[in-house]
Amino acid sequence: MGDQDLPGVLVSASEGLSGVCEDHVAELQKHFNLITMQEFLDNKAQLGPKIQAVYIWGGKPAVTPELLQCLPALKIVANSGAGLDHLDLKLLASFGVKVASTPQAVCSPTADMGMALLLAAARRVVEGHQLAVSPDTQNFSTNWMGQEVTGATLGIMGMGRIGYKVAQRARAFDMKILYHNRKRRKLEEEEAVGASYCESLDDLLRGSDFVMLAVSLTPQTQGLIGRRELRLMKPTAILVNIGRGLLIDQDALVEALQAGVVMAAALDVSHPEPLPRLTVYHGEKMRIKVSKRTQRSGGVQRHVARASPYPPSVGSSQHTQGFQPGKRTQASGSSGHVCVECPQV
């Protein structure tokens with residue numbers, strides 16, 4: 001705890017894996033008395049009435065009815081991100097608590113990550129890195145170039161702030177851009193990035209070489225991409241998700257990758273995060289082992305999955321996880337090592 005005369009702000013922790021961004025702590029402490037969740041739990045009666053705000057970083061601390069009952073002076077919940085799907089807005093309103101978020105702050109970083117994942121999956125960067133550093137590598141396949149990005153068609157589901165910034169970046173690769181959105185963009189905005197509107201998501205899925213999800217999670221968008229939608233995509237298509245993990249039926253995605261329905265997936269998000277170290281699909285076990293802490297950059301964790309027709313193992317670097325049917329793969333990166341087993345179908 002800091003200066004007792006400053007307004008109290010509840011945070012998950014001030015340091016460590018569960019802590020708020022270390023770059024923010026000093027600035028926050030100039031204006032607020034930061035109270036960690038552990039300090040609060042140790043002394044609810046004294047600290048509860050002093051807390052006027054909850055600062056959420058990485059989805060923590062969780063704002064529950066029990067917590068709200070203990071914070072009679074709470075005025076606002078401040079979320080360090082754009083998505084609010086982890087907050088019960090009706091519940092907060094019933095307590096007279098306001099909610100703030102930072103939709104502009106993460107637009108460019110998220111769009112950057114979307115393009116990075118697209119390029120990594122298309123050009124097999126993660127797998128190539130693993131092949132390059134593997135002690136078992138004796139030669140390189142000439143069929144390792146991956147897929148063409150320049151001139152390919154990118155379908156963007158959700159042309160909001162982030163989706164539009166993705167389109168701006170994709171234009172630099174001369175990509176043809178299709179998009180599906182609740183509301184069509186203005187003509188001048190479409191022309192600025194060379195985007196064409198698809199009234200039907202099905203049309204976008206059929207016509208795209210890359211499909212990128214950049215939509216918010218709502219009851220309407222949960223499970224947006226399932227078995228039916230994956231079958232509509234090209235067998236050479238790559239799915240990129242920079243929205244929320246629950247936008248995709250993950251069981252259906254694993255099946256599609258194993259069966260070659262789609263070529264690959266690059267996921268900025270999953271559900272849950274991180275993925276369980278042991279997951280069961282069709283009675284078989286897919287085991288993910290992490291020998292070092294998997295880093296999170298910009299508040300999100302990255303995964304790359306591929307159904308690879310090539311013999312070398314699928315690898316993983318610092319922020320990615322790879323999947324290959326019937327293969328056990330060992331991935332090594334500077335900050336995280338991931339090993340994946342996926343059953344052959």
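Residues numbered from 1 in each chain as written. Predicted model: local features only at pLDDT ≥ 70, side-chain atom pairs only at ≥ 80, totals over all residues. Heavy atoms only, no water.

Asker: If you had to explain the overall build of the chain to someone new, which residues and values would you point to?
Answerer: Broken down by element type, the chain carries 12 helices and 16 strands. The burial tally for the chain puts 47% of its 345 residues in the buried class. When the accessible surface of the chain is summed, it comes to about 17,000 Å², and 52% of that surface belongs to carbon and sulfur atoms. (Helix = DSSP H or I, 4+ residues; strand = E, 2+ residues; numbered from the N terminus. Buried < 20%, exposed > 50% of the residue type's maximum accessible area, 1.4 Å probe, protein only. Areas by Shrake-Rupley, 256 points an atom, 1.4 Å probe, with all protein chains shown as cover.)

Asker: I'd like to hear about the environment of L68, residue by residue, with values.
Answerer: Within the secondary structure, L68 is located in helix α4 (residues 65–69). Take L68: its relative accessible area is 3%, and that puts it in the buried class. The spacing of L68 and F95 is 27 residues in sequence and 7.6 Å in space, taken between C-alpha atoms. Ignoring anything within four residues of it in the chain, the contact list for L68 reads V63, L74, L91, L92 and F95. (Contact = heavy atoms within 4.5 Å.)

Asker: Provide a residue-level description of the packing of aromatic side chains, including the pertinent values.
Answerer: Evaluated as defined, the whole model comprises 1 aromatic pair. With a centroid separation of 5.2 Å and 55° between ring planes, the pair formed by Y179 and Y197 is classed as tilted. Placement of the pair is Y179 in strand β7 (residues 176–180) and Y197 in strand β8 (residues 195–197), with a sequence separation of 18 residues. Look at Y197 and you get partly exposed, because its relative accessible area is 22%. (Phe/Tyr/Trp six-rings, centres within 6.5 Å; stacked < 30°, edge-to-face > 60°.)

Asker: Account for the sheet that holds strand β5 (residues 98–100), with residues named and values stated.
Answerer: The 5 strands are arranged β2-β1-β3-β4-β5 in an open sheet whose pairing can be described as parallel. Among the strands making up the open sheet, the edge pair consists of β2 (33–36) and β5. Taken over all neighbouring pairs, the strand axes of this sheet differ in orientation by 25° on average, direction set aside. The sheet contact formed by strand β4 (residues 76–79) and β5 spans 3 bridges and is parallel. Residue pairing in the sheet places I76 in a bridge with K98 of β5. (Pairing = 2+ DSSP bridges. Axes fitted to C-alpha atoms, helices over the stretch in contact; angles between N-to-C directions.)

Asker: An account of the pattern of salt bridges is requested, with residue identities and associated values reported.
Answerer: Inspection of every chain in the model, using the stated rule, returns 13 salt bridges. A salt bridge links D112 to R169; its shortest N-O distance comes to 2.7 Å. Linking D112 in helix α6 (residues 107–122) with R169 in helix α8 (residues 161–171), this pair joins segments that are 57 residues apart in sequence. Where R228 meets E229, a salt bridge forms, and the shortest distance between an N and an O atom there is 3.3 Å. Each of D202, R228 and E229 takes part in one network of salt bridges that share partners. (Salt bridge = Lys/Arg side-chain N within 4 Å of Asp/Glu carboxyl O.)

The values are spatial; any link to function lies outside them.
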